[in-house]
Structures are given as structure tokens and as C-alpha cells.
Amino acid sequence: VVSAASGKLQNNPNAEAFGAWGYQDSCFVLNVKPDRSKYAMMKGKRYAISGKPLTGLADFVEKELNAVIDPNGVTFPACGDLRHIPESDLTAESISEIVASFGGDESRIS
């Protein structure tokens, strides 16, 4: 999360991962064994399942979503030339109002 005031990355493992599930210190990572089988693992130390291989999770997600998880594939295509994105019309005052709507918690704004 980037602070709107300082522009610096904040690293607070107890902070909510705004826009995502859980906390900043927790996430799922997909691992691939030499035999090409996949398993997920939760990073961090917050939960009982953290650090344990979740061997059925990738297969479950693939089956339920009717999708293939390809760790070598492109997740998001390239955005292209970002110079063509127009500048924001937000003023500093508008940004302050947005931050205030989150109770002044700049860590929830990126």
C-alpha cells in the first residue's frame, strides 16, 4: 500500500489488504512439483493452514471455475503505452476528502 501523503510503501502485516481478502502478510502461492502437479500454500504465520501444502486446492479451483491454472501463462496482458492514460482530474482537496471517507486511513488508498 502506498501512502498518499508520503508516496512510500507501507508494510504493516496487521493491516487489512484493501481490495483483497485477508491481511497484507497472508496470501496463497501456487507451487508446481517436478511431476507438474500443483499445490497451493498460504504464506504468513497468521492462520493454522499457513505453510502447509494444500494439495487439493488448485484442482478444486480448476474444477469449480472450469479453468486451467497455468503458472507459466500470462495472467494479465500487457497494458501497452500508459502515457495515453489521461491525468486525473482529482484535486488535492478531492483526494483529502476521499481519504477522510476512509476515516483518514491512507493505507486503504492506493
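Keep in mind that this is a model prediction, so the values were computed, not measured. (Residues numbered from 1 in each chain as written. Predicted model: local features only at pLDDT ≥ 70, side-chain atom pairs only at ≥ 80, totals over all residues. Heavy atoms only, no water.)

### Considering the side chain of Lys38
Using the following cut-off: A run of DSSP states H or I qualifies as a helix once it reaches four residues; a run of E qualifies as a strand once it reaches two. Both are numbered from the N-terminal end. Polar contact is defined as a pair of N or O atoms within 3.5 Å, subject to the rule that within protein one atom must be able to donate a hydrogen and the other to accept it, and that residues adjacent in sequence are counted only when both atoms are side-chain atoms.
Here Lys38 shows up in strand S2 (residues 38–43). For Lys38, the side chain forms a polar contact with the side chain of Glu62, separated by 2.6 Å. Polar contacts involving the side chain of Lys38 include one to the main-chain carbonyl oxygen of Ile69, which spans 2.7 Å.

### Let's talk about the pairing of S2
Operational definition: Pairing between strands is defined by DSSP: at least two bridges between them are needed.
In the sheet, strand S1 (residues 27–32) pairs with S2 via six bridges, with the strands oriented antiparallel. Counted as the bridge partner of Leu30 is Ala40 from S2. Hairpin remark: S1 followed by S2, antiparallel, with five residues in the connecting loop; positive phi at Arg36, about 75°. Of the strand pairs in this sheet, S2 and strand S3 (residues 53–54) are connected by two bridges, and their pairing is antiparallel. Bridging from a neighbouring strand, Met41 pairs with Pro53 of S3.

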